[in-house]
Structure formats: structure tokens, C-alpha cells
Amino acid sequence: MKSLEELAAIRDKMKSKVVLREGTGEIRVVVGMATCGIAAGARPVLNAFAEKVSEAGLSEKVTVSQTGCIGICQYEPVVEVFEAGKEKVTYVKMTAEKAAEVVEKHLKGGEVVTEYTISTAVS
Amino acid sequence: MIRSQVLICGGTGCTSSGSKAVREAFESEIVKQDLAEEVKIVPTGCFGLCEKGPVVIVYPEGTFYSHVQAEDVAEIVEEHLLKGRIVQRLVYDEVDEDEVTLTEEIKNEVRQISLNETAFYKAQKRVALRNCGVINPESIDEYIAMDGYAALGKVLTEMTPEDVIKCISDSGLRGRGGGGFPTGRKWSFTAANKADQKYVVCNADEGDPGAFMDRSVLEGDPHCVLEAMAICGYATGASEGYIYVRAEYPIAVKRLQIAIEQAKEYGLLGENIFDSGFNFDIHIRLGAGAFVCGEETALMTSIEGNRGEPRPRPPYPAVKGLFAKPTTENNVETFANVPQIILRGADWFASMGTERSKGTKVFALGGKITNTGLVEIPMGTTLREVIEDIGGGIPNGKKFKAAQTGGPSGGCIPASLIDTPIDYDNLIEMGCMMGSGGLIVMDEDNCMVDIAKFFLDFTVDESCGKCAPCRIGTMRMKEILEKITSGNGTLEDIDKLEELAMHVKENSLCGLGQTAPNPVLATLKFFREEYIAHVVDKKCPAGVCKALLNYSIDPEKCKGCTKCARNCPVGAISGKVKEPHVIDTTKCIKCGACIDNCNFGAVVKG
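Residues numbered from 1 in each chain as written. Chains lettered and ligands numbered in written order. Predicted model: local features only at pLDDT ≥ 70, side-chain atom pairs only at ≥ 80, totals over all residues.

S.K.: Just to check I follow, could you spell out the overall build of chain B for this structure?
M.R.: Each helix and strand counted, chain B has 25 helices and 18 strands in total. For chain B, whose C-alpha radius of gyration is 27 Å, the value lies close to the compact-globule estimate of 25 Å for 606 residues. When its C-alpha atoms are laid out on the principal axes, chain B stretches across 90 × 65 × 40 Å. The proportion of buried residues among the 606 residues of chain B is 53%. Considering only intrachain contacts with a sequence separation of at least 6, the fraction spanning at least 24 residues in chain B is 72%. (Helix = DSSP H or I, 4+ residues; strand = E, 2+ residues; numbered from the N terminus. Rg over C-alpha atoms; globule rule 2.2 N^0.38 Å. Buried ≥ 20, exposed ≤ 12 C-beta atoms within 10 Å, placed from the backbone. Contact = placed C-beta atoms within 7 Å.)

Right, here's the structure in full:
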């Protein structure tokens, strides 16, 4: 180690690995992972969220977590996005591809992907 | 992609309650459930809430599982990590189950509050312990991720040694090992002495019964001590450091060895660190556990390979220390504060605490308290907050009587002074001392004369024997205390004890002897009436000193169930079925088995 830059490089590389433990995310993405969710394919969705959030450099802002049954099994996999001061957004019938889109447009761009939300699915 | 991390405490407390088996179970269950790519197991240092161990925290949820056993692991992995359902029965619970006004929904919400919101952690402010229980202590990369070695980098590239000493002085940091000497001033003394070789010594010879914060820092965050020692070396002109650590701390020693190797590999120890021309190397020396070796001159004598005995001061270590060279010696916790002070500034540190005691202090809570463990609080927090809020109060509805600070070198704080803010000066004023931060809580069942005798027993054992006041004085004091607790004491003995204590305090060579009478003096000051009860009434009010106790059976309450007689190990109880029983006091050994077994409260002690 000969320079502060080298130290900073290690820090930045490692930061995303420990940031999970600080849990200070302003946005919380919760994937329903009960039996129905898993059966409908929630695990690839959860993993896609974790991966894409990290790739997009959003790890400090977004916490990806899982929860049990949200209660609308026919719409699984269900993903909910909580953001302080905003109304909860519920995405339904998610896939890994849709997850990537939500990360890009909603979490990064701030725009809700309305076509995947529950209100669109119900109406 | 790792989406979840399972932090398992690998500190000494949790290791002894079985965290190693828990870790192995997690490792195999995660493979079984095909989660190895998604979930990472991270062994960490101590979280502080040792009472609830083994402790496991699952992130990102921050779910705090307590008392986790290997049998529970399959359920946590399947339910929580796979299906996302928190295993409520294992969650550390501060909710009072009897609180009927709360709905089940609210109770669940309260249960899921993050770890930092629990009463145990909320009032704490973690500086020295900031990485303990957060990072893997065997990974230098994780330490670097938490801004590790950035302070060393800053010091070597932007600051002069004078700047560093000024920053530490301005922060108001004082030694955390006992005396509370200002750290910046200590460093400046060594810096002012010219020599071909100087040393930095880290005192990790933690010897107070009940104190384990240094152990926790070394086990949970060893790199921060190495970093701070290098900073100290730069500030004082030393190129070599020694860590003197007890051989009884095997986990700490192992992690220090790993940390030193990793730091050398990265060039953060060794030659020309950060291309600044500064060289620094660290060696470990194992101590054999003698209490006196925590005294700075005895410690250095021991490192030199001699019998660990103190030497007279002056000359002070800053002039003639280790191997007769100028030496700076600091305790582990003191060092643990240094990198943060450099990075966040002297003002940040000085903003915490009281006027003359800055920053935070780690206390090891033990004795009659619900949450035993390690707590780090800002200086100036009252004893009441520590015991009632953070410590969760006294178990079994007993009343708080006193708290012992500073172990065998300190004194007790009585219940009447529970609202005193804890800092160096207030404690000294009360006749106690901060010491290394052991805080032993006592309730109404503790006899203060017995406590004084306990600590004196310890110092008599540990006295190195070099100077007469300590060698002979503490022994005579112990004999007087034995006389009092066995019911043969007189009022004159109490006066003699007090006079002798003053002599030992004033005339001993080193800190061990100078502070050994403190437990006696403090209990005499605050609980003199208990001493008097022992010698005048021949009674032990707390019911501890066996020679002064007599067991008897209240014939009104005794139902004649024979349970006490059946459980008496010496056959001292006689009586017919359904008739009141009697204790033969000549046979009774006062073990208390009859009290424990009586369902009617008929056995009386006094």
C-alpha cells in the first residue's frame, strides 16, 4: 500500500458489501417470499433486485428485503416499494426482467412503472 | 449476488454459549437450502448483549435473534432466509407480554424494531466499539470499508507529529485503563525526549475481575488498535510497538496475529507506510495473567523478560520506559478511540461527555443486573440510566444497593448517589475510580463487608510482594475483615482497619497497593453501619456472613411437610410429620438448602 488512492479503492470495493448492515436505505423493496411467492418464482425476482440495485450503485439508498405472504396469492410474485413520505407501490406478477426495469425506471429514475402495479392489474 | 448477511457473534461470551455450533449449522443449512450464493455468514466480534447469547443478526432486516441454538438454525434458514418470515419466538423481545392494552399487531411491530431502537442499545454511543459486532474481525478489507486505516493515511500524508498530538490533546481524551491521564499530554512527553529508539506499548493486560471491554475490542476490531498504535508511533517518534496481552485471551491473540499479518501484507505496517518514510512494526507479548502486570512499569519489566514487578517512578516511561527507552503506554480502549478522533476531529469528540471527561466509556455490566454485557455510553450518563434503562434493572424485584466501579482498585457507589453523572472526577470525589470500567451491580442481598473482603482477597493474592505496605498491609487488612465477618470484631478493629488502609494507600510503591484499600474505604464511608452491625450486634444484615447467621423454623408457619429435613445434607433438622420441625444449630452448616426447599416461607435466616 503506497497511496491513499489504493486504500480508497479497497474501501469503495468493499463498501457495498458491508452497507447492507447499516440498513439506512431511504427506499425499501420488499419481496413476498411465502410458499406461494416462491412457487410463483419470487426467488429469481429477489435476486434480480439485489443484483441490479448493487449494479446501479443504489446500495446505500435502497434496501432489498423479503417478507412473508402479502395475502394476494393470485398476483404473486408480489413486490412492494416503500419510500418515506410517499405512498406504497405494489408490483404484481413480477419476473426478473420486470425487476430490472423497475430498478432502472422507478428506483433510479423515480418513475413508477404503472403497467406492473396492482392497480393496473385489477382494473 | 449476496442479498442477505447473517452476523454471528464470535466473541468470548457467545462462543462459550455455543455460537460455534450455531455457525456450523448455518453453514450446512444454507448449502442444503441452496442459498450459498445469496446468503453470507459473517463471524463478528461482541455485540455487547452477552446475556442473550448466542446472538445472531440477519440483515438487511436487522432482525436480532437471541439465545440461538444449533437446533433453531434450520428453522431460521427455512423460514427467514428462504421464505422471508421472521422467526418470532427467537427475536430479542423487549415487549412485556402482560401488556394487554397492546394488540397483537402492535406487539409484532414493536418486536421488529431495529436493534438500535432497543433500550439496551438506544442510549449507547459506540465509538470504541463501533465495529464490534459489525465487521468480520479477521478481514482487513471489511475494516477498510468502515474507513479503516484512513486515519493513519491522513496522519502520514497531511499532518505533522505536532498536529497529531494537538488534535488528541484538544479532543480531551483521557486514559481508559484506570488513572485517566490526558492522552495527548502523555504523547507529548515521549515526543519531547530525543532517543535513537522509542516504543509504543499497548496495555492489553486486562485484569479487573468483571471487566472485558479490551478483550472485546481486540476480538471484534483488532485493526483499530494496530492503526492507533502506528498513529501514536508517528506522533511520538517511535518505530516499534508491543502489545502485551493475556495468554488467557486466546481468541484475541489469534485475531491480533491475523490482523498484524494482514496489515503487513498490505504495507500498512512495516517500512515506508504510504510512501511517507515512516516505519512501524508491532510485536505481541503474552502475559501470564498477573494482575500487577497491568501496572505500566511492571508490564514493561515483564516485556523485557524479567519478573513482572513495578519500579519506582520517576523516571517515568516517557523518559526511561521499555528497554530504558522513551515509551508511550496506552490501554486498548484508549487506542480504540484514536482513529475516530483523527478522522472526525477533536471537536466532534469533545462535544461528547462532561467538561473534564470527554467522549464515551465502555462499561462491563455484571452482577445483579438483567442485561449483563458491554455498554458504551457518553461520559456523564447517570448510574440510574445505566442500571435501569440500559441494564434493564435488578432481577427478581430486589432493591439496588450499590455498584462497584474500578474492580479491586475502585469503590462502591451507594443507591443514594445513583443520579450522579459518571465521569472521572465525580467518581474520584466519591472515593471510587473509573478503573477499566467494570461495573458490578449489587442488590440488598450483598453484604458490603463481604464485598470488601472479596476484593481484598484478590489484591492479597495478586500483590507482587516487592514493597512492605502492600505485601504486609493488605494481608493485615484482610485478617481484620475476617475477624469482623466471623463475629469476633470490635469497634476498635474498624478504626484500626481504616487507619491501616490510609497507610497502605499512601505508602505503596505502585498503583496496585495505592488503590487496594479503596473497596474498604468506600464501604466504610457509605456502609459503616453494616460494619457496626457485624461487630456490635453480631449480625450480618444482608444474611451473607455465615458465622453470623442462624437458621430457625417458625413453628407457626411450619406445616410439618418434612421436605426441609429430607433435603438437609447434614441431618440437622428433625420433627414429626405434620408437626413443626426444629433445626439443631450445632449441626447446621448454614448452606440454605432448607430455605430453598420450604414452600411455606417457614425457615428464617438471621
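S.K.: I keep staring at the overall build of chain A and nothing clicks. Help me out?
M.R.: Within chain A, the secondary structure is distributed over five helices and four strands. When the helices and strands of chain A are listed from N to C terminus, the series reads α-β-α-α-β-β-β-α-α. Along the first, second and third principal axes, the C-alpha atoms of chain A reach 60 × 30 × 25 Å. Burial statistics for chain A: of 123 residues in total, 40% are counted as buried. For chain A, restricting intrachain contacts to residue pairs at least 6 apart in sequence, the fraction spanning at least 24 positions comes to 67%.

S.K.: Honestly, the pairing of strand β8 (residues 278–287) of chain B in this entry has me stumped. Any pointers?
M.R.: Consecutive side chains of a regular strand alternate in pointing toward one face of the sheet and then the other. Residue and element names in this part refer to chain B. Where strand β6 (residues 240–246) and β8 come together, seven bridges link them in parallel fashion. Residue pairing in the sheet places Tyr242 in a bridge with His283 of β8. Here two bridges tie strand β7 (residues 270–273) to β8, and the two strands are oriented antiparallel to one another. Directly across from Ile273, in β8, lies its bridge partner Phe278. Following β7, the chain reverses through four residues before pairing antiparallel with β8; Phe274 in that reversal takes a positive phi of roughly 55°. (Pairing = 2+ DSSP bridges.)

S.K.: Got a minute to help me understand helix α2 (residues 19–32) of chain B in this structure?
M.R.: Residue and element names in this part refer to chain B. Between its first and last C-alpha atoms α2 spans 20 Å; for 14 residues at 1.5 Å apiece the expected length is 20 Å, and the two agree. Ser19, Val22, Arg23, Ala25, Phe26, Glu29 and Ile30 are the residues of α2 that are buried. Along the axis of α2, the buried residues cluster in a sector spanning 160°; they form a single face. Turned more than 90 degrees from where α2 packs its buried face, Val31 and Lys32 sit exposed. Immediately downstream of α2, the backbone of Asp34 shows phi near 60°, a positive value. (Expected span 1.5 Å × (residues − 1). Arc of directions from axis to C-beta.)

S.K.: Help me understand the confidence of the model for chain A, please; the structure alone is not making it clear to me.
M.R.: Regions with low pLDDT should not have their predicted coordinates read in detail. The pLDDT averaged across chain A works out to 85; a share of 95% of its residues lies at or above 70. Mean pLDDT across the secondary structure elements of chain A bottoms out at helix α2 (residues 35–39) of chain A, with 81, and peaks at helix α4 (residues 96–108) of chain A, with 93. (pLDDT = per-residue confidence, 0-100.)

S.K.: What is the right way to look at the interface of chain B and chain A in this model?
M.R.: Interface size is commonly expressed as the accessible area that is lost once the parts come together. Across the contact, 29 residues belong to chain B and 29 residues belong to chain A. Taken together, the elements giving at least two residues each to the side of chain B that touches chain A come down to α6 (140–145) and α7 (150–158) of chain B. Here the side of chain B that touches chain A takes four residues from α6 of chain B, the largest share from any one element. Within the side of chain B that touches chain A, the residues separate by chemical class into 13 nonpolar, seven polar and nine charged. (Nonpolar A, V, L, I, M, F, W, Y, C, P; charged D, E, K, R; others polar.)

S.K.: Whenever I open this one, the sheet that holds strand β1 (residues 27–32) of chain A confuses me. Can you help?
M.R.: Strand pairing in a sheet is mediated by backbone hydrogen bonds. Such pairs are either parallel or antiparallel. All names here are of chain A. With mixed pairing, the four strands of this open sheet are ordered in space as β2-β1-β3-β4. Either end of the sheet is taken by a strand with one partner, and the two such strands are β2 (62–67) and β4 (89–91). The mean inter-strand angle of the sheet, taken between neighbouring strand axes irrespective of direction, is 20°. With three bridges joining them, strand β3 (residues 79–83) and β4 adopt antiparallel strand pairing. Counted as the bridge partner of Val79 is Tyr91 from β4. Lying on the sheet, helix α3 (residues 42–55) is in contact with β1, β2 and β3; it crosses β1 at an angle near 160°. (Axes fitted to C-alpha atoms, helices over the stretch in contact; angles between N-to-C directions.)

S.K.: What is the right way to read the sheet that holds β6 of chain B from this model?
M.R.: Residues and elements named next belong to chain B. Sheet architecture is open: five strands sit in the order β7-β8-β6-β5-β9, paired in mixed fashion. The open sheet is flanked by β7 and β9 (327–331), the only strands paired with a single partner. Sheet twist, expressed as the mean angle between neighbouring strand axes with direction ignored, is 25°. Here helix α11 (residues 222–236) sits on the sheet and contacts β5 (199–204), β6, β8 and β9; the angle it forms with β5, its principal contact strand, is near 145°.

S.K.: What am I meant to see in the domain arrangement of chain B here?
M.R.: Considered domain by domain, chain B is made up of domain 1 (4–115), domain 2 (140–350), domain 3 (360–443), domain 4 (448–537) and domain 5 (550–605). Taken over C-alpha atoms, the centre of domain 4 of chain B sits 36 Å from the centre of domain 5 of chain B. (Domains from an automatic or database assignment.)

S.K.: Honestly, the nonpolar core in this entry has me stumped. Any pointers?
M.R.: Most often, soluble globular proteins keep nonpolar side chains buried together rather than apart. Formed by 174 residues in total, the largest nonpolar core has its most connected members in Val56, Val225, Met229, Ile231 and Ala403 of chain B. It is α11 of chain B that provides the largest number of residues to this core, a total of ten residues. If we skip the residues at most four places from it in the chain, Ala403 of chain B touches Leu383, Ile387, Cys412, Ile413, Leu439, Ile440, Val441 and Met442 of chain B. Listed in part, the 30 residues of the second largest apolar core include Leu46, Leu58, Val81 and Tyr91 of chain A. (Core = buried A, V, L, I, M, F, W, Y, C linked by C-beta atoms within 7 Å.)

S.K.: Even after reading the chapter, I still don't get unusual backbone geometry, so can you show me in this structure?
M.R.: Residues apart from glycine generally show negative phi values, whereas peptide bonds are mostly found in trans. With an omega dihedral of -10°, the bond running from Glu76 of chain A to Pro77 of chain A counts as a cis peptide bond. Relative to the assigned elements, Pro77 of chain A resides in the loop between β2 and β3. Cis peptide bonds are those with omega within 30 degrees of zero, and the linkage from Gly53 of chain B to Pro54 of chain B qualifies with -10°. With respect to the secondary-structure elements, Pro54 of chain B resides in the loop between β2 (39–44) and β3 (56–59). For Asp275 of chain B, which is not a glycine, the phi torsion comes out positive at approximately 60°. Here Asp275 of chain B lies in the loop between β7 and β8. Although it is not a glycine, Thr562 of chain B sits at a positive phi angle of roughly 75°.

S.K.: Looking at this structure, I do not really get the confidence of the model for chain B. What am I missing?
M.R.: Residues and elements named next belong to chain B. Model confidence for chain B is summarised by a mean pLDDT of 91, while 96% of its residues fall at 70 or above. Mean pLDDT per element in chain B: helix α4 (residues 104–111) is the minimum at 48, and α11 is the maximum at 98. Confidence drops under pLDDT 50 across residues 95–103; counting only partners more than four residues distant or on other chains, this segment forms four contacts. Interface scoring of the predicted complex returns ipTM 0.76; its pTM is 0.85.

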